[in-house]
Amino acid sequence: MSIKACIFDMDGVIVDSAKYHFVAWQELAKEIGVKFTEHDNEQLKGLSRVDSLERILKMGNLHLDNDTKLALMDKKNQSYLQYISSMNEEEILPGVGEFIDELMAAGMKVALGSSSRNATVILERIKLLSKFDAIIDGNKVTFSKPDPEVFLKGAEAMGLKPKDCVVFEDASAGVKAAIDGGFRCVGIGEEQHLNQANFVIPGFQDFRLNDLIQRFK
Ligand code: G6P
Ligand code: MG
């Protein structure tokens with residue numbers, strides 16, 4: 001089966017922003033009296049901002065009204081934006097920029113499938129925005145991962161079918177979204193969180209287009 005396009009998650013795949021999401025959520029959790037560890041953060045990866053807040057509130061058994069929730073999400077986002085304000089190309093994860101260039105040189109399409117509403121800002125800051133044929137982010141979907149909508153819209157925007165595309169994901173919710181949508185999926189990170197993926201790699205340092213083609217022959 002030939003691969004015509006790759007769809008990349010952003011946070012934790014292209015850029016190491018997961019650490020900033022973590023510190024921003026941890027600050028907020030502390031403020032509302034909820035204990036929030038790095039392990040808890042793993043469960044939030046790939047979830048939308050609102051779903052992430054709901055999980056944290058559930059951990060603390062807190063029930064808040066909508067306005068308070070909106071204010072808390074805004075506060076978290078302001079602090080997150082502060083953390084990423086000095087982000088630049090140096091924060092692109094090792095090898096991923098080269099991998100994208102290789103895809104483009106081979107005539108393959110490249111899309112983004114991220115739950116983040118800050119995707120365009122980040123891609124601009126790390127100077128990768130112009131490389132994407134399609135960008136589907138948290139502003140363009142109704143249902144967030146593990147729903148496949150974000151990747152289905154990405155494939156559609158490129159005029160392709162899910163079976164033509166490979167999704168790269170670091171979050172278990174994202175891997176589930178890709179597999180449920182009919183995509184092939186490469187997990188980025190540790191096998192234990194991502195066992196639904198077709199295979200898992202630690203990152204793009206030693207991963208080239210030829211490795212991808214060989215694995216999906
Ligand atoms: C990504 C991250 C999540 C984050 C979500 C929303 O999927 O993995 O941790 O909550 O995007 O991001 P945003 O930038 O819109 O708050
Ligand atoms: Mg991610």
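Analysis parameters
Residues numbered from 1 in each chain as written. Chains lettered and ligands numbered in written order. Predicted model: local features only at pLDDT ≥ 70, side-chain atom pairs only at ≥ 80, totals over all residues. Heavy atoms only, no water. Buried < 20%, exposed > 50% of the residue type's maximum accessible area, 1.4 Å probe, protein only. Helix = DSSP H or I, 4+ residues; strand = E, 2+ residues; numbered from the N terminus. Pairing = 2+ DSSP bridges. Right-handed = clockwise from strand over helix to strand, strands pointing away. Domains from an automatic or database assignment. Buried area = accessible area lost by both parts, 1.4 Å probe. Salt bridge = Lys/Arg side-chain N within 4 Å of Asp/Glu carboxyl O. Polar contact = N/O pair within 3.5 Å; in protein donor to acceptor, adjacent residues only side chain to side chain. Nonpolar A, V, L, I, M, F, W, Y, C, P; charged D, E, K, R; others polar. Donors = N, O, S within 2.8 Å, 3.2 Å for Na, K, Ca; no water. Axes fitted to C-alpha atoms, helices over the stretch in contact; angles between N-to-C directions. Contact = heavy atoms within 4.5 Å. Near = heavy atom within 4 Å.

Caption draft 1: Summary view of the pairing of strand S4 (residues 165-169). Burial analysis of S4 places 5 of its 5 residues in the buried class, the great majority of the element. Two strands pair when backbone bridges link them, and strand S1 (residues 5-8) and S4 are joined in this way by 4 bridges, in the parallel orientation. Residue Ala5 lies in a different strand from S4, and its bridge partner there is Cys165. Each parallel crossover has a hand, and for S4 linked through helix H8 (residues 172-180) to strand S5 (residues 184-188) it is right-handed.

Caption draft 2: Looking closely at the domain arrangement of the protein. Assigned domains of the protein: these are domain 1 (5-16 + 88-215) and domain 2 (18-84). Using C-alpha coordinates to define each centre, domain 1 is positioned 24 Å away from domain 2. For the pairing of domain 1 and domain 2, the buried interface totals around 1,300 Å² over both sides, and the portion due to carbon and sulfur atoms is 45%. Lys19 is the partner of Glu91 in a salt bridge, and the nearest nitrogen-oxygen pair spans 3.9 Å. Scanning the region where domain 1 abuts domain 2 turns up 7 residue pairs in polar contact (both at pLDDT 80 or more). Considering only residue class, the side of domain 1 that touches domain 2 consists of 4 nonpolar, 4 polar and 7 charged.

Caption draft 3: Local environment of the coordination of the magnesium ion (ligand 2). Of the protein atoms, only Asp9 (OD), Asp11 (O) and Asp170 (OD) coordinate the magnesium ion (ligand 2), at distances of 2.0 to 2.1 Å. Spacing between the donor residues of the magnesium ion (ligand 2) along their common chain follows D-x1-D-x158-D. You'll find Asp9 and Asp11 in the same group, each marked buried.

Caption draft 4: Region of the structure containing the sheet that holds strand S2 (residues 109-113). In spatial order, the strands read S3-S2-S1-S4-S5-S6; together these 6 strands make up an open sheet with parallel pairing. Each edge of the open sheet is held by one strand with a lone partner, namely strand S3 (134-136) and strand S6 (199-201). Neighbour-to-neighbour, the strand axes of the sheet open up by a mean angle of 25°, direction not taken into account. With respect to the sheet, helix H5 (residues 96-105) is in contact with S1, S2 and S4, its orientation differing from that of S1 by roughly 150°.

Caption draft 5: Representation of the site of ligand 1 within the structure. Inspection of the region around ligand 1 gives 14 residues, with Gly46, Arg49, Ser116, Arg117 and Asn118 positioned closest. Within the backbone of Leu47, one N or O atom sits 3.0 Å away from an oxygen atom of ligand 1. Elements supplying a minimum of two residues to the shell around ligand 1: helix H3 (49-59) and helix H4 (66-84). Classifying every residue of the shell around ligand 1 by side-chain character gives 3 nonpolar, 6 polar and 5 charged.

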